Number of protein chains: 2
Amino acid sequence: MSDIARLAGVSEATVSRALRGSTLISQATRERIREIAEAVGYTVDHTARNLRLQRTGTITVAVPLHHEVDQGISDPFFLEMLGFLADELADRGYDLLLRKIGAGEPNGLANLVIERRSDGILLIGQSTQHAQIKALGQRYKPLVVWGADMGDDAYITVGSDNRAGGRMAVEHLLERGHRRIAFFGDRELPEIAARFEGYHEALAGAGVSWDPALECRVTFRKAGSHAAIGEFLAKGTPFDAVFAASDQLAGAAINIFDRHGLNVPRDAAVVGFDDLMLAASYTPALTTVHQDLAAGARLMVNKLFKRMAGEDVRSSVVPVRLIIRASCGASIAPRPRRRRGKLAKT
Amino acid sequence: MSDIARLAGVSEATVSRALRGSTLISQATRERIREIAEAVGYTVDHTARNLRLQRTGTITVAVPLHHEVDQGISDPFFLEMLGFLADELADRGYDLLLRKIGAGEPNGLANLVIERRSDGILLIGQSTQHAQIKALGQRYKPLVVWGADMGDDAYITVGSDNRAGGRMAVEHLLERGHRRIAFFGDRELPEIAARFEGYHEALAGAGVSWDPALECRVTFRKAGSHAAIGEFLAKGTPFDAVFAASDQLAGAAINIFDRHGLNVPRDAAVVGFDDLMLAASYTPALTTVHQDLAAGARLMVNKLFKRMAGEDVRSSVVPVRLIIRASCGASIAPRPRRRRGKLAKT
DNA sequence: ACTAACACAACAATCGATTGCAAGATAATT
DNA sequence: AATTATCTTGCAATCGATTGTTGTGTTAGT
């Protein structure tokens with residue numbers, strides 16, 4: 001910057017003001033300085049700027065990991081969310097700092113704050129860390145969490161209407177005549193718990209009594225989910241449909257059913273939750289509850305910036321809708337047989 | 001920090017040295033200062049520290065987008081890679097700054113450098129931007145790219161042995177008696193091109209002539225892939241197996257085949273590439289080429305830090321291996337039929 | 001007892017940008 | 001012509017940490 005000042009024959013102060021477009025500097029010099037800066041390829045040093053402005057220009061996006069999954073993030077849901085958040089933050093000129101919060105590190109969350117590396121925190125999911133998040137939210141304001149509203153106002157959340165989604169999914173299965181609808185998911189996670197509530201509500205609304213044996217408590221960990229679903233099948237509980245708490249889980253379920261000789265949707269209908277991009281590419285394509293992640297990300301970022309500005313904002317819920325595809329049996333096409341090696345046009 | 005200095009009755013310089021463990025400070029005062037810092041909950045201000053040290057403590061991880069996919073990152077591959085990179089960087093005390101580089105922004109890559117926001121750049125994939133990356137690599141050293149080695153030494157790459165992977169996949173199909181093996185993928189991407197080479201090599205090695213009609217140029221974009229695969233089927237080119245350039249694509253192919261009444265692996269075997277966590281959950285489970293992303297991420301980060309230290313390092317290639325699952329027909333189990341609603345244990 | 005050697009700790013400059021206040025230059029008013 | 005008002009620009013402090021150099025106190029050697 002001092003180079004620019006020297007070249008332009010003005011002080012650094014003038015350069016700084018000119019480049020920020022301050023009206024204190026005359027139009028003429030402002031443009032002259034801009035041209036010089038352009039010519040020498042100058043860009044401000046963010047580190048210095050941030051130090052002076054007492055900010056970081058960065059937002060932390062943290063992914064809390066469940067205790068079972070300490071090795072890695074596996075759910076593609078995170079990626080889709082991350083993509084949308086990256087866009088929203090980039091639009092506002094902020095950087096995205098990515099962090100993983102292992103359940104093993106007791107104060108992983110608290111560290112985010114005391115390290116002061118970012119101006120705000122976006123948490124993708126609550127995992128099983130509601131208590132820690134709550135503690136953090138009480139003393140740290142620029143925090144927005146994607147997940148379920150826990151009722152207390154300890155921290156701001158943005159999340160899908162999980163209960164409604166669960167209800168819609170199960171009502172659809174009920175309409176199609178299914179009565180023994182299993183629930184696959186880990187109710188320790190707040191969002192999943194809400195989806196379960198919707199499931200339960202729908203059953204109750206249709207006068208179908210719920211058999212606890214229809215619940216398969218399956219975690220998100222890959223090996224765990226396979227084992228849990230296998231055990232569920234081994235128990236032999238009769239069922240004719242499954243509401244899986246995530247698309248990933250639905251996919252795993254369909255796969256394991258297939259290995260056990262059960263066809264979806266013929267032997268059991270399956271409905272998922274998330275509507276990831278790959279949900280349409282599962283075989284059969286997944287009927288699932290669509291979450292509007294773009295809208296969710298925008299809401300999260302908007303709320304975060306409002307909180308950073310000291311405004312008070314409240315949690316909000318993003319509506320969901322049911323996407324009907326093949327896995328619930330809604331559109332089963334007849335399956336002609338073809339001889340291998342001789343495939344004509346279809 | 002000045003608070004600590006006052007409390008301890010020493011100068012800020014001493015505090016700084018004590019906290020960094022300098023031996024210039026006596027053991028006694030060092031510990032005393034540490035305790036005080038601990039007590040008042042002090043942590044260094046990274047912004048100030050980085051300014052003084054002329055670094056940022058941050059590594060940019062950038063995802064170049066193909067021109068077709070400007071709306072979002074969709075391939076779960078990125079997420080898995082990202083997770084591993086996050087771990088590696090965290091271990092070294094560096095932050096991970098995430099960026100998307102749209103193909104629409106001509107100098108999106110160059111901006112990364114002139115903005116000086118990070119001490120180094122990791123690029124996940126080359127997309128169709130080899131020329132830009134090359135230009136960047138010539139004047140900016142702390143850059144490591146995940147992808148295919150392009151022969152010229154314009155920039156350092158770490159990547160799977162795509163050619164060998166393609167060869168292994170196709171050799172396996174050949175061994176199982178398949179002869180009309182289609183290739184699904186977008187050869188404009190360097191990695192995919194290498195996989196195609198392996199495919200071609202394997203065919204040549206087995207003395208099987210290649211029919212150009214067996215190539216389906218399908219991009220990664222969801223809608224595009226569906227359309228392209230549909231067209232391929234519509235053309236009616238006979239085939240008995242598919243080598244898909246990614247797991248995601250393989251999944252889409254299986255799904256579309258299914259809609260057209262073709263069963264995998266009965267009517268056509270499918271082999272993918274990546275071995276994403278979800279590959280095992282596809283139905284049928286995907287035979288695919290496993291990439292060791294953990295090793296790849298470690299290599300990338302190691303090389304990057306070496307380059308940042310001024311050392312000269314070379315590109316390297318990570319070996320791959322074939323994972324055989326059901327989609328190539330290797331382990332087709334008989335499929336008993338069950339009546340819906342009456343599922344006994346299996 | 002005097003000096004050399006050494007261990008500690010403080011001073012002050014530095015990283016690069018921002019900004020309140022003061023001062024200089026120019027134009028306008030009486 | 002003198003004075004005020006209006007524009008522009010510069011000075012210097014500031015953000016919080018790091019580090020070369022200097023200064024002080026202690027110990028050891030002869």
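Cut-off values and rules
Residues numbered from 1 in each chain as written. Chains lettered and ligands numbered in written order. Predicted model: local features only at pLDDT ≥ 70, side-chain atom pairs only at ≥ 80, totals over all residues. Heavy atoms only, no water. Helix = DSSP H or I, 4+ residues; strand = E, 2+ residues; numbered from the N terminus. Rg over C-alpha atoms; globule rule 2.2 N^0.38 Å. Buried < 20%, exposed > 50% of the residue type's maximum accessible area, 1.4 Å probe, protein only. Contact = heavy atoms within 4.5 Å. Areas by Shrake-Rupley, 256 points an atom, 1.4 Å probe, with all protein chains shown as cover. Buried area = accessible area lost by both parts, 1.4 Å probe. Salt bridge = Lys/Arg side-chain N within 4 Å of Asp/Glu carboxyl O. Nonpolar A, V, L, I, M, F, W, Y, C, P; charged D, E, K, R; others polar. Pairing = 2+ DSSP bridges. Axes fitted to C-alpha atoms, helices over the stretch in contact; angles between N-to-C directions. Parallel < 35°, antiparallel > 145°, perpendicular 65-115°, else oblique. Left-handed = near helix turned anticlockwise from the far one by under 90°. Near = heavy atom within 4 Å. Polar contact = N/O pair within 3.5 Å; in protein donor to acceptor, adjacent residues only side chain to side chain. Least-squares fit on C-alpha atoms with pLDDT ≥ 70 in both.

Trainee: Before we go on, may I ask you to explain the overall build of chain A in this structure?
Mentor: Along chain A, the regular secondary structure elements total 12 helices and 12 strands. Over its C-alpha atoms chain A spans a radius of gyration of 26 Å, topping by over 25% the 20 Å that the globule rule assigns to 346 residues. By its C-alpha atoms, chain A is 85 × 55 × 35 Å across when sized along the principal axes. Evaluated residue by residue, chain A yields a buried proportion of 58% over its 346 residues. Partitioning the intrachain contacts of chain A with sequence separation of at least 6 by distance along the chain shows that 68% fall at a separation of at least 24. If you sum the accessible surface of chain A, you get close to 14100 Å²; carbon and sulfur atoms cover 50% of it.

Trainee: Can you help me understand the interface of chain B and chain A in this one?
Mentor: Much of the literature gives interface size as the accessible area that the parts lose upon coming together. The interface of chain B with chain A comprises 72 residues on the first partner and 72 residues on the second. Contact between chain B and chain A buries roughly 6500 Å² in total, counting both sides, with carbon and sulfur atoms accounting for 53%. Between Lys100 of chain B and Asp87 of chain A there is a salt bridge, with its nearest N and O atoms 2.8 Å apart. Taken together, the elements giving at least two residues each to the side of chain B that touches chain A come down to helix H4 (46–53), helix H5 (76–91), strand E2 (95–101), helix H10 (222–235) and helix H11 (247–259) of chain B. In terms of residue count, H5 of chain B provides more of the side of chain B that touches chain A than any other element does, seven residues in total. Its residues assigned to classes, the side of chain B that touches chain A comprises 29 nonpolar, 21 polar and 22 charged.

Trainee: Got a minute to help me understand the sheet that holds strand E10 (residues 287–291) of chain A in this structure?
Mentor: The pairing of strands in a sheet happens through backbone hydrogen bonds and is either parallel or antiparallel. Residues and elements named next belong to chain A. Pairing within the open sheet is mixed, and its six strands lie in the order E7-E6-E8-E9-E10-E12. Strand pairing shows two members of the sheet lacking a second neighbour, strand E7 (215–217) and strand E12 (320–323), which therefore form its edges. Each strand of the sheet is rotated relative to its neighbour by a mean of 15 degrees, with strand direction disregarded.

Trainee: What should I look at first to understand the packing of helix H8 (residues 162–175) of chain A against helix H9 (residues 190–205) of chain A in this one?
Mentor: In a pair of packed helices, the angle between the axes and the distance between the axes together describe the arrangement. Residue and element names in this part refer to chain A. Packing of H8 against H9 brings their axes to within 7 Å, and their N-to-C directions diverge by 40 degrees. Comparing the axis directions of H8 and H9 gives the class oblique. Relative to H9, H8 is oriented so that their crossing is right-handed. When H8 is examined against H9, the residues Asn162, Arg163, Gly166, Arg167, Val170, Glu171 and Leu174 are found in contact with a partner set consisting of Glu191, Ala194, Arg195, Glu197, Gly198, Tyr199, Glu201, Ala202 and Leu203. When the residues that make up the contact of H8 with H9 are grouped by side-chain class, the tally is six nonpolar, three polar and seven charged.

Trainee: Looking at this model, I keep getting lost on the environment of Cys216 of chain B. Mind explaining?
Mentor: Residues and elements named next belong to chain B. Relative to the helices and strands, Cys216 is located in strand E7 (residues 215–216). Judged by its relative accessible area of 4%, Cys216 is buried. Remark: the alpha-carbon pair of Cys216 and Ile229, spanning 13 residues in sequence, is separated by 7.0 Å. Once residues lying within four places of it in the same chain are set aside, the contact partners of Cys216 are Phe183, Phe184, Gly185, Ala228, Ile229 and Phe232.

Trainee: For this particular structure, what's the right way to read the protein's contact with DNA strand C?
Mentor: Taken together, 27 residues lie near DNA strand C, and Met1, Ser16, Arg49 and Arg52 of chain A together with Thr14 of chain B sit nearest. Of everything in DNA strand C that lies within 4 Å of the protein, sugar and phosphate atoms constitute 60%. Note that a phosphate oxygen of DNA strand C is positioned 2.6 Å from one of the side-chain N or O atoms of Ser16 of chain A. For the surface near DNA strand C, the secondary structure elements donating two or more residues are helix H2 (12–19) and helix H4 (46–53) of chain A together with helix H2 (12–20) and H4 of chain B. The element best represented in the surface near DNA strand C is H4 of chain A, accounting for five residues. Split by residue class, the surface near DNA strand C holds 12 nonpolar, eight polar and seven charged.

Trainee: What am I meant to see in the relation of the copies chain B and chain A here?
Mentor: The relation between the two copies of this chain is a rotation about an axis and a shift parallel to it. Take chain B, turn it by 180 degrees, move it 0.1 Å along the axis, and it overlays chain A with an RMSD of 0.1 Å. Both chain copies can therefore be described as sitting about a two-fold axis. Considering only C-alpha atoms, the residue of chain B closest to the rotation axis is Leu97 of chain B, which sits at 2.5 Å.

Trainee: Please clarify how the pairing of strand E5 (residues 156–160) of chain A should be interpreted in this entry.
Mentor: Looking down a regular strand, the side chains alternate between one sheet face and the other. Residues and elements named next belong to chain A. Within E5, five of the five residues are buried, which leaves the element mostly enclosed by the surrounding structure. Neither face of E5 is left uncovered, since the one carrying Ile156, Val158 and Ser160 and the one carrying Thr157 and Gly159 both have all their residues buried. Bridge count for E5 against strand E11 (residues 316–318) is three bridges, and the pairing is parallel. Along E11, the bridge assignment pairs Val158 with Ser316.

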